[in-house]
Amino acid sequence: MKGTIVLPSKKEAGTVIGLTALFLLLTAVCIGLRPEHVFMVGLYLLLFFAGKTTRKLAVALLPFALFGISYDWMRVFPNYEANSIDVENLYNLEKSLFGINDNGNILIPCEYFAIHNCRIADILAGIFYLCWVPVPIAFGLWLYLKGYRNLYLHFSMVFLFVNLIGFAGYYLHPAAPPWYAINYGFEPILDTPGNVAGLGRFDTLTGLSIFDSIYGRNANVFAAVPSLHAAYMVVALCYAIVNKCNKFVIILFAIIMAGIWGTAVYTSHHYIIDVTLGICCALLGILLFEKGLMKTGWFKNFFNRYYNYIK
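Residues numbered from 1 in each chain as written. Predicted model: local features only at pLDDT ≥ 70, side-chain atom pairs only at ≥ 80, totals over all residues. Heavy atoms only, no water.

Further remarks concern helix α8 (residues 134-145). Taking 1.5 Å per residue as the helical rise, α8 with its 12 residues ought to reach 16 Å, and the 16 Å between its terminal C-alpha atoms agrees with that figure. Tucked into the core, α8 has its buried residues touching α3 (52-60), α9 (149-172), α13 (228-242), α14 (247-266) and α16 (297-310). A positive backbone phi angle near 95° is found at Gly 147, which sits one or two residues after α8. (Helix = DSSP H or I, 4+ residues; strand = E, 2+ residues; numbered from the N terminus. Expected span 1.5 Å × (residues − 1). Contact = heavy atoms within 4.5 Å.)

Following this line, the structure appears as structure tokens:
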């Protein structure tokens, strides 16, 4: 009957309710339950049970949900407990490769821009950095809603895969961002809070506290290598090209991508080395997913079953 809500099967409903309850319980015990956890679970359950169309969307959004959960759950086992934190070596390597002579002093680019900045660049930097997650997710939703479900699934799963590679990098090589070396020196201080660094100039100019609130929730300040800020728009741009989006979208994505790369260094959040490794992380993730995972029988079977459910 038209307008009738199609409920999920008992197995589907039980699985989703059980997993969300387990997630809330483990989150409460391991890292502490916050209002946003409850809100996101409530929103997900609403989408899942509202109807068949929204249920497909809820399932399709799982790669993005797993990305957020994975990042948040790094609080359980901080990367600096796995390996020693690199502060000085990375700083010195950046200076040796990209040092700038400023009145006889050799500065890393981040130090140079901390001294030499301007309002227009500060505003643009804030705008670009606000795009780093929303634009890729919005692009994914656009692919999904326009009916490009197969391409959407490639994009969303690569997005998650690139994040997992990046998170592995955090544990293999814990590293401090440039603002840490500039403000605290080379000795690791484990309880150091997140810092807006150069993005604070955007907050001051606009009278807002956007980045202050974002970086106040930072799961780990010693996770600068690779720069996933630099990676996300690489993935979005690649799949926009694959989808043969119009030239305006491709050019816009390229500008945002380059803007985020520049902002990462301009605001002292990442070294040029971090940004370069972030770009490599994105390209490696795409290559391994498309030419590796998608060529294996078990994963391709899983992918096809996933696609058949959301299409």
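Further remarks concern the domain arrangement of the protein. Splitting the protein by domain gives domain 1 (1-80) and domain 2 (83-308). One C-alpha centre belongs to domain 1, the other to domain 2, and the line joining them spans 25 Å. Taken together, the contact pairs 21 residues of domain 1 with 26 residues of domain 2. Between domain 1 and domain 2, roughly 2200 Å² of surface is buried when both sides are summed, and carbon and sulfur atoms account for 67% of that area. Among the residues of domain 1 in contact with domain 2, Phe 64, Asn 79 and Tyr 80 are the three that bury the most area, contributing 36% of the side total. Applying the counting rule to domain 1 against domain 2 returns 0 salt bridges. (Domains from an automatic or database assignment. Buried area = accessible area lost by both parts, 1.4 Å probe. Salt bridge = Lys/Arg side-chain N within 4 Å of Asp/Glu carboxyl O.)

Attention shifts here to the packing of aromatic side chains. Tallying each qualifying case throughout the model produces 32 aromatic pairs. Ring geometry for Trp 179 against Tyr 184: centres 6.4 Å apart, planes inclined by 65°, an arrangement best described as edge-to-face. On the basis of relative accessible area, Trp 179 is assigned to the buried category, the value being 4%. Taking the centre distance of 5.5 Å and the plane angle of 90° together, the rings of Phe 289 and Phe 299 count as edge-to-face. Note that Phe 289 is positioned in helix α15 (residues 272-291) and Phe 299 in helix α16, a separation of 10 residues in sequence. According to the relative accessible area criterion, Phe 289 is buried, its value standing at 1%. By relative accessible area, which is 7% here, Phe 299 ends up buried. The ring of Phe 48 has Arg 55 sitting right over it, with the charged end atom 5.7 Å from the ring centre. (Phe/Tyr/Trp six-rings, centres within 6.5 Å; stacked < 30°, edge-to-face > 60°. Buried < 20%, exposed > 50% of the residue type's maximum accessible area, 1.4 Å probe, protein only. Lys NZ or Arg CZ within 6 Å of the ring centre and 35° of its normal.)

To continue, consider the state of the cysteines. Within this structure, the stated rule accounts for 0 disulfides. In this structure Cys 238 is not part of a disulfide, and its nearest cysteine sulfur, from Cys 245, lies 12 Å away. Of the cysteine sulfurs around Cys 280, a residue in no disulfide, the closest is that of Cys 281, at 8.8 Å. (Disulfide = S-S within 2.5 Å.)

This part takes up the environment of Leu 284. Relative to the helices and strands, Leu 284 resides in helix α15. A residue is classified by how much of its surface remains accessible, and Leu 284, at 39% relative accessible area, is partly exposed. It is 20 Å that separates the C-alpha atoms of Leu 284 and Tyr 271, two residues lying 13 residues apart in sequence.

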